[in-house]
Amino acid sequence: MTPAFHLFNSNRSSLNLQHYLCLSHYTTTTPPSIAKQFQEHHRHQQNQTNPLLSSLERKSHQPLISLIKSCTQKSHLLQIHGYLIRNSLLHYPAISLPFLSRMALSPIRDISYSRQFFSQIPNPSVFLYNTLIRAYSMSNSPTEGFFMYQEMRKKGLRADPVSLSFVIRCYIRICSLIGGEQVHARILSDGHQSDSLLLTNLMDLYSLCDKGSEACKVFDEMRQRDTIAWNVLISCYMRNRRTRDVLVIFDGMLSGELGCEPDDVTCLLLLQACANLGALEFGEKVHGHIVERGYDNATNLCNSLIAMYSQFGNLDKAFGVFKGMHNKNVVTWSAIISGLAMNGYGREAIGAFEEMLKMGVLPDDLTFTGVLSACSNCGLVDKGMIIFARMSKEFGIVPNIHHYGCMVDLLGRAGQLHQAYQLIMSMRVKPDSTIWRTLLGACRIHRNVILGEHVVEHLIELKAQEAGDYVLLFNLYSSVDNWKKVTELRKFMKEKGIQTTPASSSIELKGKVHEFVVDDVSHPQKDEIYEMLDEISKQLKIAGYVAEITSELPNLDAEEKRYVLSYHSEKLAIAFGVLATPPGTTIRIAKNLRICVDCHNFAKILSGVYNRQVIITDHTRFHHFRGGHCSCNDYW
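Residues numbered from 1 in each chain as written. Predicted model: local features only at pLDDT ≥ 70, side-chain atom pairs only at ≥ 80, totals over all residues. Heavy atoms only, no water.

This structure, assessed with the given rule, holds 16 salt bridges. When the shortest N-O distance is used, the salt bridge between Asp251 and Lys285 registers 2.5 Å. Of this pair, Asp251 sits in helix H16 (residues 243-255) while Lys285 sits in helix H18 (residues 280-292), and the two are 34 residues apart along the sequence. Owing to a relative accessible area of 37%, Lys285 belongs among the partly exposed residues under this scheme. Salt-bridge contacts for Glu261 lead to Arg293; the nearest nitrogen and oxygen are separated by 3.1 Å. Residue Glu261 is found in the loop between H16 and helix H17 (264-277), and its partner Arg293 is found in the loop between H18 and helix H19 (299-311); the two are separated by 32 residues along the sequence. Here the salt bridges do not stand alone but share partners, grouping Arg169, Asp204 and Arg239 into one network. (Salt bridge = Lys/Arg side-chain N within 4 Å of Asp/Glu carboxyl O. Helix = DSSP H or I, 4+ residues; strand = E, 2+ residues; numbered from the N terminus. Buried < 20%, exposed > 50% of the residue type's maximum accessible area, 1.4 Å probe, protein only.)

With 14 residues, helix H11 (residues 161-174) ought to run about 20 Å at 1.5 Å a step, and its terminal C-alpha atoms sit 20 Å apart, in line with that. For H11, the set of buried residues is Ser163, Leu164, Ser165, Phe166, Val167, Ile168, Cys170, Tyr171 and Ile172. Contact partners of the buried residues in H11: helix H9 (126-137), helix H10 (142-154), helix H12 (177-190) and helix H13 (196-208). Just downstream of H11 lies Cys175, where phi reads positive at about 50°. (Expected span 1.5 Å × (residues − 1). Contact = heavy atoms within 4.5 Å.)

In terms of backbone geometry, most residues other than glycine have negative phi values and most peptide bonds are trans. Although it is not a glycine, Arg109 sits at a positive phi angle of roughly 50°. In this structure, Cys175 is a non-glycine residue whose phi angle is positive, near 50°. Cys175 sits in the partly exposed class, given a relative accessible area of 44%.

This part covers the UniProt feature "repeat: PPR" (unreviewed entry) in the chain. This chain's UniProt record puts "repeat: PPR" (unreviewed entry) on residues 125-159, 226-260, 329-363 and 364-399. Taken end to end, residues 364-399 comprises 75% helix and 0% strand; its first and last C-alpha atoms sit 11 Å apart. (UniProt positions renumbered as here; feature names shortened; annotations may be inferred.)

Another point: the packing of aromatic side chains. Scanning the entire structure with this criterion turns up 16 aromatic pairs. Aromatic side chains Tyr530 and Tyr567 sit 5.2 Å apart centroid to centroid with 50° between the ring planes, which places their arrangement in the tilted category. Of this pair, Tyr530 sits in helix H31 (residues 526-542) while Tyr567 sits in the loop between helix H32 (558-566) and helix H33 (569-580); the two residues are 37 residues apart in sequence, bridging distant segments of the chain. Accessibility assignment for this pair places Tyr530 and Tyr567 in one class, buried. Each residue in the set Phe146, Phe147, Tyr149 and Tyr171 is aromatic and connected to the rest through ring pairs, giving one cluster. A cation over an aromatic ring shows up here: Lys285 above the ring of Phe282, its NZ or CZ 5.2 Å from the ring centre. (Phe/Tyr/Trp six-rings, centres within 6.5 Å; stacked < 30°, edge-to-face > 60°. Lys NZ or Arg CZ within 6 Å of the ring centre and 35° of its normal.)

In this section: the packing of H11 against H13. Any two packed helices are characterised by how steeply their axes cross, that is the angle between the axes, and by the distance between the axes. Where H11 meets H13, the axes come as close as 9 Å, and the angle between the chain directions of the two elements is 15°. Classified by the angle between their axes, H11 and H13 sit roughly parallel to one another. When the axes of H11 and H13 are compared, the crossing they make is left-handed. Residue-level inspection shows Pro161, Leu164, Ser165, Ile168, Arg169, Tyr171 and Ile172 of H11 in contact with H13, the latter providing Leu197, Leu198, Asn201, Leu202, Asp204, Leu205 and Leu208. (Axes fitted to C-alpha atoms, helices over the stretch in contact; angles between N-to-C directions. Parallel < 35°, antiparallel > 145°, perpendicular 65-115°, else oblique. Left-handed = near helix turned anticlockwise from the far one by under 90°.)

Now for the state of the cysteines. Enumeration according to the criterion identifies 0 disulfides in this entry. Free cysteine Cys406: the closest other cysteine sulfur is in Cys375, separated by 9.1 Å. (Disulfide = S-S within 2.5 Å.)

Below, the structure is given as structure tokens:
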């Protein structure tokens, strides 16, 4: 128990209190400026006769109040607490409230001591309850905030919108939908429907609890909507994958139609939405707004811009943002390292990592995920092994599941399958499904059927097998011409009703995202697109393109296989890009699955014949096609 509580609770004489908290004690243990303020307040106290807190008395307490508000060390607050006890000042809200705020909230944030201090206050007000509930909403014990709310109501104190907002924040921390619904009912019964901040917090809770429709309903019922409310709605849409609606909101905010302008938080959310949707032009529009509003000095926004441009394969702009930053933190360096890695510039990513160390910036676990993936993408096995060892020995970072995943990918793609398997079996953490799928993909590349089947057994043990796993196994059997296994697996998938994810490719043009699937006939320009694709195919055949049919469905003859390959979603998206953009324009395609060998060859040859840079991102990496070559060097 701390000294102040010990003296208060032991009922010692006032002489002992004075001995503990005498002015000479403050003078010797407290900085001179604080001691002087204490002495000044003590002189004022001695001249006070009226116990009520009048405006005159508030003035007399002002030095003490200012002293409390300026405290940054707990030891000083403990001394002040003893002084409040000795002079019977705990019952003055003008003093107890700032003291509780200082102790319960940042920078000191001692919630346990604050609760004990609160228990000493006779008849605490709603404001004091609100302060403690707020502190609990940011602590490791958010449920205690709800108990404080219950205690307040039992004492007959009526909760105000601030109380309810902090109670909701407590429920948000534990994702308690039932609690949120109870507070929602209280809001309606107490007539707080006009409080925008309160309803915004309620929206946030519903959204986090996957109740997007309820969140939208609360938003629709709000009488006044500020930028914060719109930001919460954007977050809700993003959680529910309504990314295109997010872009519509941004346009409405820019035009003034929604009555408020996007702020830095809006921009942060929009950058994430653009990256998820593959909308580069829109992302550039958000970037323009960031510069226009002077947000481009914000480190978190610049970090998000680097990540977004990297995800679009636009490393020139990503590096431009990086170079223009004055304050580069570990997140900044990790973002550029990961951006270089995912775009096939592994050696440059490793160079950035070494430069980061020279600058004295210590790497974190995300930094090592980026640099290890760089080694994996470029097949730098020895370098990757050295960096993996340095991570724990030199920087004290324990490898997590992502680091092990990079190493399994590094070894597996290099053909060292059994070493990759041994690494999985020696991991300090339990291998997850992603680790096994990484190894299964390597088995398909290197046609190791026995290990591939063993990996699928592990996935079945984890009860984590998905349709994509069976597709990988299917392709593995096809690659070694094991048609019996192919037939059995197809029959098994049909009996179990296992549905594969349809492949799709998207391309953004003038702010609109166009999405294609295999043999797509839904696009309004379908006739022109197919005509363009046929023309492209003729030109590429002259240049030496031959369809890669070895991994296609075995029950089709060669001509049927060529037909199926001809209208893959990537090719339709590329044809649309060639059709709809001027010569020389970069074509950017986003695919939801791994690009197939034939489409990879198609894009590579097209980039040389049509003098176009083609950037295709699949679910594993970027492929920059330029002049008949790919940045992956056919290693993916």
